[in-house]
Amino acid sequence: MDWNSYAAYGLFVLGLLIGSFLNVVIHRLPIMLERGWQRECREMLGAEVKTPLPEENQDPFNLVVPRSRCPHCGHGITWYENIPIVSYVALRGRCSACRASISPRYPLVELVTGGLFAWCGLRFGASSAALAWCGFSAALLTLALIDWDTTLLPDDITLPLVWAGLLAAQWGLSGLSLSNALWGAVAGYLSLWSVYWLFKLATGKEGMGYGDFKLFAALGAWFGWEALIPMILMASVIGALVGIAMKINSQLREGGYVPFGPFLAGAGFVTLAFGTATVQRVIGL
C-alpha cells in the first residue's frame, strides 16, 4: 500500500469526524445568523422595541453549546450516540429515548465528507495541498446544504473561502499562480454580479442573491478563471433540469425559486474530481 492510500484512509476517518461537526454547522449557523440580525435590528430601533427576543430567555446557543438533542423529545445525545455512522447503524436510525426516526441525511453528510477527504488524499497524497482541498470540500458542502435548506450563503463561510483560495495559490497548494487565483475571484464575482443587475433591470426582479457572487468568486480563487465558464454552464444546466423536475412534481418553494448555490457547489466538486482541463474538454471548450 502506497502513501497515497494511507493518506486516503486517514483522511476518510477524519472526514467522518468533520462531517459530524458539519451537521451541527448546517443546522445551527442559520439560526445564529437570524438571531444576530434580530439583535442588530433591535439595537438600531433602540427603545422603540420592548418585546424581548425568544432566545433572550434561553441558554447560550452556538456551534458548541448546547449539546445536541433529539428534536422530538429533547433527549441529550451522549458521546457514544454521536459516533459517525456507527451510532446511526447501532441505533437503527432512531432516537434511543423516544424511538423517533433520525434523518438519514446526518450519516450521509458524514459519508460524503469522508469520501471527499479520501479523494483529496488519493489525488494529492499526504501533503498540505490535500489538507487545503479537504478544507475547501468541507466548506463547499456546508454552503450547498445551508443554501438548499434556507437559501442563505453565509458570509462567515463564503468570504473566508475566497481568501483561503488566494492564500492556497500564494503558498503553492492549489496549483494556481496568485495572479490566476486573483483574477478568477474577480471574474467569478463580477460575472454573476453583472447577470444579476441585467436581469433586475430587464424584469425588476432579483434572479439570485449576493451570496452566489461570493461563492462563484471563491470557486474562481480555487480553480482559476479558466474554470469559470465550464462551472457556470454545468451549474446552469443541472439547476434548470432540477427546477423543471421540481415544478412538474409541484415541489417548488413559495415564490417558485430554486437556490443556485448547491449547483455551483456541485460544479466545483466535479471540477475537483476531474480537473479543469478534463471538464473543459468534455464540454467542448
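In this text, all values refer to a predicted model and were calculated from it rather than measured experimentally.

Some remarks on the pattern of salt bridges
As enumerated under the stated definition, the model contains 3 salt bridges in all. Across the salt bridge formed by Asp-149 and Arg-105, the nearest N and O atoms sit 2.6 Å from each other. Pair noted here: Asp-149 is in helix H4 (residues 128–150) and Arg-105 is in helix H3 (residues 105–124), with a separation of 44 residues, a long-range link. In this structure, the salt-bridge partner of Asp-155 is Lys-214, at a minimum N-O distance of 2.8 Å. Placement of Asp-155 in helix H5 (residues 155–170) and of Lys-214 in helix H7 (residues 210–223) is noted, with a sequence separation of 59 residues between them. On the basis of relative accessible area, Asp-155 is assigned to the partly exposed category, the value being 36%. On the basis of relative accessibility, which here comes to 17%, the residue Lys-214 falls in the buried class.

Describing H7
Along its 14 residues, H7 runs 20 Å from first to last C-alpha, staying within 8% of the 20 Å computed at 1.5 Å per residue. In terms of residue burial, H7 counts as a mostly covered element, since 13 of its 14 residues are buried. Positive backbone phi, approximately 90 degrees, marks Gly-224, located one or two places after H7.

Focus on the side chain of Asp-147
Structurally, Asp-147 can be placed in helix H4. In contact with Asp-147, not counting residues within four places along its chain, are Leu-152, Leu-153, Asp-212, Arg-253, Pro-259, Phe-260, Gly-261 and Pro-262.

What to know about the packing of H5 against H7
Look at H5 against H7: their axes get within 8 Å of each other, and the N-to-C directions meet at 20 degrees. As far as their axial angle goes, H7 and H5 are roughly parallel. Crossing of H5 over H7 shows left-handed handedness. Touching Asp-155, Thr-158, Leu-159, Leu-161, Val-162, Ala-164, Gly-165, Leu-166 and Ala-168 of H5 are Gly-211, Lys-214, Leu-215, Ala-217, Ala-218, Ala-221 and Trp-222, all from H7. Grouping the amino acids of the contact of H5 with H7 by side-chain chemistry returns 11 nonpolar, 3 polar and 2 charged.

What to know about unusual backbone geometry
Here the bond from Val-65 into Pro-66 is cis, since omega is 0 degrees, no more than 30 degrees from zero. Secondary-structure assignment places Pro-66 in the loop between helix H1 (3–45) and helix H2 (86–90). Look at Ile-85: it is not a glycine, yet its phi comes out positive at around 65 degrees. Structurally, Ile-85 is set in the loop between H1 and H2. Of note in the backbone geometry, Arg-92 takes a positive phi value of approximately 55 degrees without being a glycine.

Concerning the nonpolar core
Counting 59 residues, the largest nonpolar core has Phe-136, Leu-219, Trp-222, Phe-223, Met-231 and Leu-264 as the members making the most contacts within it. Taken together, the elements giving at least two residues each to this core come down to H1, H3, H4, H5, helix H6 (178–203), H7, helix H8 (228–248) and helix H9 (261–274). Every residue in contact with Leu-219, bar those within four places of it in the chain, is listed here: Phe-136, Leu-140, Gly-224, Met-231, Leu-264 and Gly-268.

Topic: H8
Think of an α-helix as 3.6 residues a turn; residues three or four steps apart then line up on the same face. Look at H8: 30 Å from first C-alpha to last across 21 residues, which is about the 30 Å you get at 1.5 Å a residue. Burial in H8 covers these residues: Leu-228, Pro-230, Met-231, Met-234, Ala-235, Gly-239, Gly-243 and Met-246. Of the surrounding secondary structure, the elements contacted by the buried residues of H8 are H4, H6, H7, H9 and helix H10 (276–283). Taken from the residues just after H8, Ser-250 is the one with a positive phi, measuring 55 degrees.

Things to note about the packing of aromatic side chains
By the definition in use, this model includes 12 aromatic pairs. Summarising the aromatic geometry, the rings of Phe-124 and Trp-133 are spaced 5.9 Å apart at their centres and angled 5 degrees between planes, so their arrangement reads as stacked. Ring geometry for Tyr-210 and Phe-213: centres 4.9 Å apart, planes at 45 degrees, overall tilted. Of this pair, Tyr-210 and Phe-213 both sit in helix H7, separated by 3 residues, roughly a single helical turn.

Here's the deal with the packing of H7 against H8
Between H7 and H8, whose axes approach to 10 Å, the crossing angle comes to 135 degrees. Overall, the two elements H7 and H8 adopt an arrangement that is oblique. Considering only the axes of H7 and H8, their crossing is right-handed. When H7 is examined against H8, the residues Phe-216, Leu-219, Gly-220 and Phe-223 are found in contact with a partner set consisting of Leu-228, Met-231 and Ile-232.

Parameters at a glance
- Residues numbered from 1 in each chain as written.
- Predicted model: local features only at pLDDT ≥ 70, side-chain atom pairs only at ≥ 80, totals over all residues.
- Heavy atoms only, no water.
- Salt bridge = Lys/Arg side-chain N within 4 Å of Asp/Glu carboxyl O.
- Helix = DSSP H or I, 4+ residues; strand = E, 2+ residues; numbered from the N terminus.
- Buried < 20%, exposed > 50% of the residue type's maximum accessible area, 1.4 Å probe, protein only.
- Expected span 1.5 Å × (residues − 1).
- Contact = heavy atoms within 4.5 Å.
- Axes fitted to C-alpha atoms, helices over the stretch in contact; angles between N-to-C directions.
- Parallel < 35°, antiparallel > 145°, perpendicular 65-115°, else oblique.
- Left-handed = near helix turned anticlockwise from the far one by under 90°.
- Nonpolar A, V, L, I, M, F, W, Y, C, P; charged D, E, K, R; others polar.
- Core = buried A, V, L, I, M, F, W, Y, C linked by side-chain atoms within 4.5 Å.
- Phe/Tyr/Trp six-rings, centres within 6.5 Å; stacked < 30°, edge-to-face > 60°.

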